[in-house]
Amino acid sequence: MSPRSNRKPETSPAISGGFKSDILQDNIGRLFRLAYRAFERLALNNLRKMGFESLRMTHLQILPYVPAEGIRTSEIATLANINKQAVGQLAAELEAAGYVKRVRDPKDGRAKLVAFTEKGLELLAAYPHVISGAEGQFEQIIGKKIFGDLKQSARQVNRTLQDIWKDPSVAE
């Protein structure tokens, strides 16, 4: 049996087993990712309660990058830091569910944009409520002080680390 088979999947909200001090389990990147995924689950649950039942967790990878006026899939891929094929697949699923449509780019008739449908615009309008609701739930779960400190710290960390995104010597 390999050492990996004893580990809980990455989506597990807990660090457990004999790996508590293992750098592979208890590192800042993984801890951020687990907290983010927990937040996404809360947000997705709120979306489903609002009537957006066909959305899946993977759709949340690209939806925040689609502006009301539309965007090319290649631009979504860059912004979301995922490959174009994955964006194309997710856009196709969202199109089949009625949230987005593909329209001609008015600046380049050969290109297509992913743009929101009426149903998608309803989803976009719901986002602020969904996010604030998920933040409220997160705050209830971890406590008001920890939540406030975490949000303030996350803002500071992201401001401080912004140069990493601009530095071509940092691997993608």
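Conventions we followed
Residues numbered from 1 in each chain as written. Predicted model: local features only at pLDDT ≥ 70, side-chain atom pairs only at ≥ 80, totals over all residues. Heavy atoms only, no water. Helix = DSSP H or I, 4+ residues; strand = E, 2+ residues; numbered from the N terminus. Phe/Tyr/Trp six-rings, centres within 6.5 Å; stacked < 30°, edge-to-face > 60°. Buried < 20%, exposed > 50% of the residue type's maximum accessible area, 1.4 Å probe, protein only. Arc of directions from axis to C-beta. Salt bridge = Lys/Arg side-chain N within 4 Å of Asp/Glu carboxyl O.

Trainee: For this particular structure, what's the right way to read unusual backbone geometry?
Mentor: In this model, N81 sits at a positive phi of 60°, which is unusual for a non-glycine residue. With respect to the helices, strands and loops of the structure, N81 is situated in the loop between α2 (73–80) and α3 (84–96).

Trainee: Would you take a moment to explain the packing of aromatic side chains for this structure?
Mentor: For any pair of aromatic rings, geometry is given as the distance between the ring centres together with the angle between the planes. Under the definition given, this model contains 3 aromatic pairs. Plain terms: the ring middles of F39 and F138 are 6.0 Å apart, the flat faces sit at 75° to each other, and that makes the pair edge-to-face. One end of the pair, F39, is in helix α1 (residues 28–49); the other, F138, is in helix α4 (residues 118–142), with 99 residues separating them in the sequence. As far as burial versus exposure is concerned, F39 and F138 are alike and both buried. Members of the aromatic cluster, each reached through a chain of ring pairs, are F39, F138 and F147.

Trainee: Which parts of the structure should I look at to understand α2?
Mentor: Three- or four-residue spacings in an α-helix give side chains the same orientation, since the helix completes a turn every 3.6 residues. Burial in α2 covers these residues: I76, A77 and A80. Looking straight down α2, one finds that the buried residues subtend no more than 100° of arc, so they occupy a single side. Two residues or fewer after α2 comes N81, characterised by a positive phi angle close to 60°.

Trainee: I keep staring at the environment of L79 and nothing clicks. Help me out?
Mentor: Here L79 shows up in helix α2. Between the alpha carbons of L79 and V66 there is a distance of 9.9 Å; along the sequence they are 13 residues apart.

Trainee: What should I look at first to understand the pattern of salt bridges in this one?
Mentor: Pairs can form between side chains of opposite charge whenever their charged atoms are close. Applying the stated rule across the entire model yields 7 salt bridges. In this structure, K151 and E135 form a salt bridge, with 3.0 Å as the shortest nitrogen-oxygen distance. Of this pair, K151 sits in helix α5 (residues 144–166) while E135 sits in helix α4; the two residues are 16 residues apart in sequence, bridging distant segments of the chain. For E135, a relative accessible area of 23% translates into the label partly exposed. Ionic contacts of the salt-bridge type, sharing partners, join the residues R72, D105, D108 and R110 into one network.

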